[in-house]
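So the chains spell out like this:
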Amino acid sequence: MNSKKRTAVIAIILIIAIGNYTRIIDHGAIRAVEFLSIFVIGALTSLLIREVATIIKQK
């Protein structure tokens, strides 16, 4: 898979993860599901930043 396709896939998955996080009802305390969602959003964001940096570095 080339770098641009991988970047697009990561971006789409990140958008889906953010959308799922916004659907979680907030009760004031962070549950395990919310923590996992926040962790996944952070991990996907770091992967996306790394892919974008790789694309810029190759040019």
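Quick note: structure is the one above.
Report on the accompanying structure. (Residues numbered from 1 in each chain as written. Predicted model: local features only at pLDDT ≥ 70, side-chain atom pairs only at ≥ 80, totals over all residues. Heavy atoms only, no water.)

What follows covers helix α1 (residues 3-23). When the terminal C-alpha atoms of α1 are compared, their 31 Å separation across 21 residues agrees well with the 30 Å that a helix rising 1.5 Å per residue should span. Residues of α1 that are buried: S3, T7, I10, L14 and A17. Seen along its axis, α1 keeps its buried residues to an arc of 90°; they face one direction. Projecting away from the buried face of α1 at angles above 90 degrees are the exposed residues K4, K5, I12, I15 and R23. Turning to α1, the residues buried within the fold contact α2 (32-58). (Helix = DSSP H or I, 4+ residues; strand = E, 2+ residues; numbered from the N terminus. Expected span 1.5 Å × (residues − 1). Buried < 20%, exposed > 50% of the residue type's maximum accessible area, 1.4 Å probe, protein only. Arc of directions from axis to C-beta. Contact = heavy atoms within 4.5 Å.)

With respect to the element layout, S37 can be found in helix α2. Given the relative accessible area of 18%, S37 is considered buried. In this structure, S37 is in contact with Y21 and I24, ignoring residues within four places of it in sequence.

Turning our eyes to something else, we now look at the side chain of S3. Here S3 lies in helix α1. Assessed through its relative accessible area of 14%, S3 is described here as buried.

Attention shifts here to the nonpolar core. Membership of the largest hydrophobic core is limited to six residues, which are I10, L14, A17, I41, L44 and L48. Mapped onto this core, the elements with two or more residues apiece are α1 and α2. (Core = buried A, V, L, I, M, F, W, Y, C linked by side-chain atoms within 4.5 Å.)

So, to be careful, I would describe these as geometric facts and stop short of saying anything about function.
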